[in-house]
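Structural overview for review
Below, each chain spelled out in residue letters.
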Amino acid sequence: MQELLSIMRRLRAPGGCPWDREQTHESLRPYLLEEAAEAADAVSSPDPSDLPDELGDVLLQVAFHSVIAEEAGTFGYADVERAIVEKLVRRHPHVFAGADVSGSEEVVTNWQAIKAAERGGRVRRPEQRVPAALGALAREAKAQKLAGREKGAPEAARGALLAATQAAPASADGVADVLEAVVAWARAAGVDAELALRERTLSSLRALPDDAGLTS
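Overview of the structure. (Residues numbered from 1 in each chain as written. Predicted model: local features only at pLDDT ≥ 70, side-chain atom pairs only at ≥ 80, totals over all residues. Heavy atoms only, no water.)

Attention now moves to the environment of P93. On the secondary structure map, P93 appears in helix 6 (residues 93-96). Taking the C-alpha atoms as reference, P93 lies 41 Å from D20; in sequence the two are 73 residues apart. Every residue in contact with P93, bar those within four places of it in the chain, is listed here: G98, A99 and I114. (Helix = DSSP H or I, 4+ residues; strand = E, 2+ residues; numbered from the N terminus. Contact = heavy atoms within 4.5 Å.)

Let's shift gears to the pattern of salt bridges. In the structure shown here, the tally under the stated rule is 8 salt bridges. Between R198 and D41 there is a salt bridge, with its nearest N and O atoms 2.7 Å apart. Here the residue R198 occupies a position in helix 12 (residues 193-207), and D41 occupies one in helix 3 (residues 29-42), the gap between them amounting to 157 residues. R82 is the salt-bridge partner of D79, the closest N and O atoms lying 3.1 Å from each other. Placement of both D79 and R82 in helix 5 (residues 77-90) is noted, with a separation of 3 residues, approximately one turn of the helix. On the accessibility criterion, R82 (43% relative accessible area) is partly exposed. Salt bridges linked by common partners bring R90, R91 and E118 together as one network. (Salt bridge = Lys/Arg side-chain N within 4 Å of Asp/Glu carboxyl O. Buried < 20%, exposed > 50% of the residue type's maximum accessible area, 1.4 Å probe, protein only.)

This is how it looks when you write it as structure tokens:
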């Protein structure tokens, strides 16, 4: 990691790379999202070398942001590392502090309680608790969960989806109604709609010829 940070400092220094020197936290946002998405895709790649390669690109983003902040005097990589180490220890009292838990559900409950305590008991609004950069299907699933919508039975959710499809107008609102019902059906079936569609799209893309979509 120190070698990576040293490389980034050299790239950002006078006489380094003009493009790297121009970047800011804001300008790097699209790359952070893109690299994280590519790492997620690499999880299902048949080539085991794809994942470490893509994780390296994600780590590059961490180093890039850390060096930019280091230059501004706001924080450095050591702060990033220290924050996550302390957070993991703090949020796993059943591992590091001798607390007893009955299972994974209680671990999640404790995790949420500790998060709230870290904010001084302040409750964040729902839109603050669902990252805007998530895929639309993933955001809808989280929104339904925050709203307390029960998953229900898969067949009932399928019936609601069919009804929504038949009633939906051919408009943005109609499409949104159907997609909302699709997510509800996926939740009832125990399926992550975002990942399911990503996997299907990736399989479809891999089946296309290399020159698909190219014009002469």
